[in-house]
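# Understanding the architecture of this molecule
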Amino acid sequence: MFTPPYYWWEAGEAWGGIIDTWYFCQNDTWEQVIMDALLHQVGKGNDYIPANQSMTEGNDDQAFWGLAVMGATERNFTNPPSDQPQWLALTQAVYNTMWARWDSANCDGGLRWQIFTWNSGYNYKNTISNGCLLHIAARLARYTGNETYVDTATTVWDWLANDVDFLVLENDAYKVYDGADIGDGNCSKITKIQWSYNAGIVMAGCAYLYDFTNDTQWLTRTNQLFNGINIFFTDNIMYEQFCQPRNTCNNDQRSFKSVFSRCLGMTAKMVPSLHDKIMTLLTDSAVAAAQSCSGGTDGHTCGLAWNYNGWDGYYGLGEQISALEV
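To keep things clear, this report deals only with the structure shown in the data block. (Residues numbered from 1 in each chain as written. Predicted model: local features only at pLDDT ≥ 70, side-chain atom pairs only at ≥ 80, totals over all residues. Heavy atoms only, no water.)

## Here we look at the state of the cysteines
Going through the model one piece at a time under the given rule, you end up with three disulfides. Disulfide pairing is shown between Cys293 and Cys302; the S-S distance is 2.0 Å. Measuring the twist about the S-S bond at about 105°, one finds the Cys293-Cys302 disulfide to be right-handed. Here Cys293 falls in the buried class, since its relative accessible area comes to 14%. Along the protein, the cysteines engaged in disulfide bonds are linked according to the scheme 1-2, 3-4, 5-6 when indexed in sequence order. (Disulfide = S-S within 2.5 Å. Buried < 20%, exposed > 50% of the residue type's maximum accessible area, 1.4 Å probe, protein only.)

Structure, rendered in structure tokens:
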């Protein structure tokens, strides 16, 4: 875990990035630290619902640890000892427990934001929780060859795009909205905020599904989601468009570019026709992020606004992992 004010999900996102660093840089310096961290948080059910998070954990929080161990699975990160749960089994446990919470009694389906009834947000259904389920299912389908995971992903997509209007197609581009409360007209009063990580998670999930199934509907959806992400760039430089211009990004939102960057990279790999367009965005953003990592007493602390000339004075876990990912 990281110390407050950082929530537990952000640790899962950070470890996922460090697994990629292990893989891309062939650097095993932190191998044991990563393994210890991932195993420490599995919980009694080996499903990333540990006792230390039982009062606050949401579906999206659990999912980000599932994404980390899915990355460990795909990267062939060194598996734990045989008496410990293996990375694939941990990913499947996250998927199984999330899918078991699918709530057909409200809004015709979907996952709630929160797992436990006592948590604020239990009556809210959001894109990130459901998008993560689609995304994990897509990657499990590709890794295992099991078509059942495609069925799950299809169910989630149909709910997001058809049963509730969290995904809205306009001019061949998707707007990806945040969510809605089950008490407000059965999820009809939508919070129309667009966050980069929502768009990225769903887009990369569709890209994986296209790579596995070769079904052109997933290619079409990936392209239409890609067509909608231009709102998260200014002069090809990534930014969190809802909060950065207002200087209102909270600790969670300051890390969303991390998720978005990783998902863009995945999409570029899974959908070759988008590779060059995505790499232009990632390269320009990476150059901008690198020049922002020039602050603090160490001279390489990263900032929030990559289109600012130099370091903008912001610092924290979100800033660091976003720069690392891009």
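## Here's the deal with unusual backbone geometry
In the segment running from Pro4 into Pro5, the intervening peptide bond is cis, with an omega of 15°. On the secondary structure map, Pro5 appears in the segment before helix H1 (8–24). For Asn76, which is not glycine, the phi dihedral falls at a positive 60°. Secondary-structure assignment places Asn76 in the loop between helix H3 (59–74) and helix H4 (87–100). On the basis of relative accessibility, which here comes to 61%, the residue Asn76 falls in the exposed class. (Helix = DSSP H or I, 4+ residues; strand = E, 2+ residues; numbered from the N terminus.)

## Regarding the sheet that holds strand S1 (residues 124–126)
The strand order across the open sheet formed by three strands is S1-S4-S5, and the pairing between neighbours is antiparallel. For this open sheet the edge positions go to S1 and strand S5 (190–191), each flanked by a neighbour on one side alone. As paired elements, strand S4 (residues 179–181) and S5 share two bridges and run antiparallel to each other. By the bridge assignment for S5, Gly179 is matched with Thr191. (Pairing = 2+ DSSP bridges.)

Purely geometric numbers; function is a separate question.
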